[in-house]
Amino acid sequence: MIQFIIGIIILIVGYFVYGKVVDNHFGADDSIETPATRLEDGIDFVPMSWPRIFLIQLLNIAGLGPIFGAVQGALFGPMAFVWIALGSVLAGAVHDYYSGMLSIRHDGQSISEIVGIYLGEGARKIMRVFSVILLILVGTVFMTGPANLMANIKLFGLGSVDIWLAIVFIYYFLATILPVDKIIGKIYPLFGLALLTMAFGIGTMILIKGYELPAFTVSSLHPAGLPIWAILFTTIACGAISGFHATQSPMMARCTTKESYGRRIFYGSMIAEGVIAMIWAAAAMVFFDGIPGLQDALANGGGPGGVVNTISTSLLGPIGGVLAMLGVIACPITSGDTAFRSARLTIADSIKYEQGPVKKRLILALPLFVIAFGLTRIDFNIIWRYFAWSNQTLAMIVLWASSAYLVKNNKSHWMTSIPATFMTAVSATYLLQAPEGFKLPTTIAYPVGAIIAVGAITLFLMKVKRNKTVKA
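Residues numbered from 1 in each chain as written. Predicted model: local features only at pLDDT ≥ 70, side-chain atom pairs only at ≥ 80, totals over all residues. Heavy atoms only, no water.

A closer look at the overall build of the chain
Under the convention used in this document: Comment: elements are numbered from the N terminus, with helices defined as DSSP H or I runs of at least four residues and strands as E runs of at least two. Partly exposed residues are those whose accessible area sits between 20% and 50% of the maximum for their type, while under 20% is buried and over 50% is exposed, using a 1.4 Å probe and protein chains only. Any two residues having at least one pair of non-hydrogen atoms within 4.5 Å are treated as being in contact. To measure how exposed things are, a 1.4 Å probe is used in the Shrake-Rupley method; for residues, cover is taken only from the protein chains shown. Counting rule applied: Lys, Arg positive; Asp, Glu negative; His and chain ends not counted. In this description, the location of a charge corresponds to atom NZ of lysine, CZ of arginine, CG of aspartate or CD of glutamate.
The helix and strand inventory of the chain stands at 19 helices and 0 strands. Once the C-alpha set of the chain is aligned to its principal axes, its extents read approximately 60 × 50 × 40 Å. When each of the 472 residues of the chain is scored for burial, the buried share is 59%. Long-range contacts, defined as pairs at least 24 residues apart, comprise 83% of the intrachain contacts of the chain with a sequence gap of at least 6. In the structure as shown, the chain presents an accessible area of about 18000 Å², 69% of it carried by carbon and sulfur atoms. Distance from the positive charge centre (31 side chains) to the negative charge centre (23 side chains) of the chain: 6 Å.

Right, dumping it as structure tokens:
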């Protein structure tokens, strides 16, 4: 299990060392009054303690991503550990930190408005549409998934998918329009602690029982022959880097009372998610006697949800079963509701529409749920495939906007422009080779994806040089 242990160490050390470097480079300043206190409205701008915000942010960004994504990513073998550890520290946590801190610096505005400030009006308009579509897709996916699961297990004796869909629908609607501290601020911290407890228990048990991981190799071990580049980097998203996080950070930016809390909340929650993903990737690789056994369990044991339930109940007993249920039902619900809330705020920010009166919140929320209801009639797998690419493309855009911010403030941009270039290559290559994309062979997708990434960083550097020439 040395690979797993090294990965956990990288994540923890990364938070304390590189996280501090990122924080210092940005220049968090507690003398600047945050939107939470300056714009407090009792609805979206509500001051809260940083531990509570951390747990809420963790639930906002986690969903099923660091569990289901890690379980499916485990099919690629130990290279999943490399991606989770380095991706989280060098890319994902940096992405989350900047999306949160830039929102704090700009009145808690949504990520589409932040992108527009630093990449221009064209990018703002694209991001407004792009992010709202992404959020509706996430909300819909995390509505139908739990509803189907609760119907299958006949929770509380209810076996109808439509009834559970209606129940989740009503909850989402209330969480979208009520003040952030009424539902989200009260129950999320409890669910966040439960998610961390489940991960800690699973990680402890796989170490105690002495499971052995597959030998490390840089090549893919996927039974279906899927390549690591760039499929692994979209399969494990929330456990390494995910653009969806950038849509969630502004909500907590509106509740953060000091800029110095940013590293703990935004960088820290991504690292915590990386730890969760690392644990579940390891558990999935070892519990079923290797990757072929995992593939069989995924195919014949109820998919990722069945795998999580089997591992949890086997390693942790009845408590594990309860925690597994929480993981596969409560976690996606707690990301789905904030997806709709974030969509409401994104639209409100874009049209400068005040959200104080509940009537105005209803005017924006109702159309979102009408669209989401229509999407529940579409095959879940189709929606998820398109989400995978759009999610990582959003992360790429946010990193480029962060790079532009650093240049504008006369700071080195490499901290964000290097991961931005990497994610450009990932997004371009995935679109070129994926079944829902152009379906090109890797011999074409790889070099073209690399050319697009090199072109992106070249154009960025040319723009940086022009700006310096103009200032001189």
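Considering helix α13 (residues 262–287)
Since the α-helix advances by 3.6 residues per turn, residues separated by three or four positions end up pointing in the same direction. Quick note on the threshold: One fewer than the residue count of a helix, multiplied by 1.5 Å, yields its expected span. Bend, at a single residue, is the angle you get between axes fitted to the 7 residues ending at that residue and the 7 residues starting at it.
Look at α13: 37 Å from first C-alpha to last across 26 residues, which is about the 38 Å you get at 1.5 Å a residue. Within α13, the axis deviates most sharply at Gly-268, by approximately 40°. Within α13, 24 of the 26 residues are buried, leaving the element largely enclosed by the surrounding structure.

Remarks on the packing of helix α4 (residues 50–62) against helix α15 (residues 303–351)
Note the cut-off: The convention used is that axes are lines fitted to C-alpha atoms, helices contributing only their stretch in contact, and that angles between N-to-C directions extend from 0 to 180 degrees. With respect to orientation, any angle under 35 degrees is reported as roughly parallel, any angle over 145 as roughly antiparallel, any angle of 65 to 115 as roughly perpendicular, and every other angle as oblique. Put simply, Ala, Val, Leu, Ile, Met, Phe, Trp, Tyr, Cys and Pro go in the nonpolar bin, Asp, Glu, Lys and Arg in the charged bin, and everything else, Gly too, in the polar bin.
Between α4 and α15, whose axes approach to 7 Å, the crossing angle comes to 95°. The pairing of α4 with α15 is recorded here as roughly perpendicular in orientation. Contact residues: α4 offers Leu-59, Asn-60, Ile-61 and Ala-62, while α15 offers Cys-331, Thr-334, Ser-335 and Thr-338. Residues that form the contact of α4 with α15 fall into these classes: 4 nonpolar, 4 polar and no charged.

What about the UniProt feature "domain: CstA N-terminal" (unreviewed entry) in the chain?
Just so we agree on the cut-off: UniProt positions are given in the numbering used here, feature names are shortened, and annotations may be inferred rather than shown by experiment.
Residues annotated in UniProt with the feature "domain: CstA N-terminal" (unreviewed entry) correspond here to residues 4–146, 161–286 and 320–427. Across residues 4–146 one finds 77% helix and 0% strand; the C-alpha atoms that close the span lie 30 Å apart. The span residues 161–286 carries 67% helix and 0% strand; its end-to-end C-alpha distance comes to 33 Å.

Description of the pattern of salt bridges
For the record, the criterion: Here a salt bridge means any side-chain nitrogen of Lys or Arg lying within 4 Å of a carboxyl oxygen belonging to Asp or Glu.
Counting across every chain of the model gives 9 salt bridges. Between Arg-105 and Glu-259 there is a salt bridge; the shortest N-O distance is 2.6 Å. With Arg-105 in helix α6 (residues 79–105) and Glu-259 in the loop between α12 (244–253) and α13, this pair connects stretches of sequence that are 154 residues apart. Residue classification places Glu-259 among the buried positions, given a relative accessible area of 0%.

Details of the environment of Trp-389
Considering the arrangement of structural elements, one finds Trp-389 in helix α17 (residues 380–408). Residues Trp-389 and Thr-234, spaced 155 residues apart in sequence, show a C-alpha to C-alpha distance of 6.9 Å. If near-sequence neighbours (up to four positions away) are discounted, Trp-389 is found in contact with Phe-130, Ser-427, Tyr-430 and Leu-431.

Quick word on unusual backbone geometry
The omega torsion across Trp-229 and Ala-230 is 0°, close enough to zero to call that bond cis. At Asp-289, a position not held by glycine, the phi torsion is positive, near 60°. Residue placement: Asp-289 occurs in the loop between α13 and α14 (291–300). On the basis of relative accessible area, Asp-289 is assigned to the exposed category, the value being 75%. One non-glycine residue with positive phi stands out, namely Lys-439, at about 60°. If you trace the backbone, Lys-439 turns up in the loop between α18 (414–433) and α19 (442–471).

Describing the packing of helix α8 (residues 121–152) against helix α9 (residues 161–177)
We apply this condition: Handedness of a crossing is defined here by the sense of rotation of the near helix relative to the far one, left-handed for an anticlockwise turn of less than a right angle and right-handed for a clockwise turn.
Across the interface, α8 lies against α9 with an axial gap of 8 Å and an inter-helix angle of 135°. It follows that α8 is oblique to α9 by the angle criterion. Classified by chirality, the crossing of α9 by α8 is right-handed. Contacts from Gly-139, Phe-142, Met-143, Thr-144, Ala-147, Asn-148, Met-150 and Ala-151 in α8 reach Val-161, Trp-164, Leu-165, Val-168, Phe-169 and Tyr-172 in α9.

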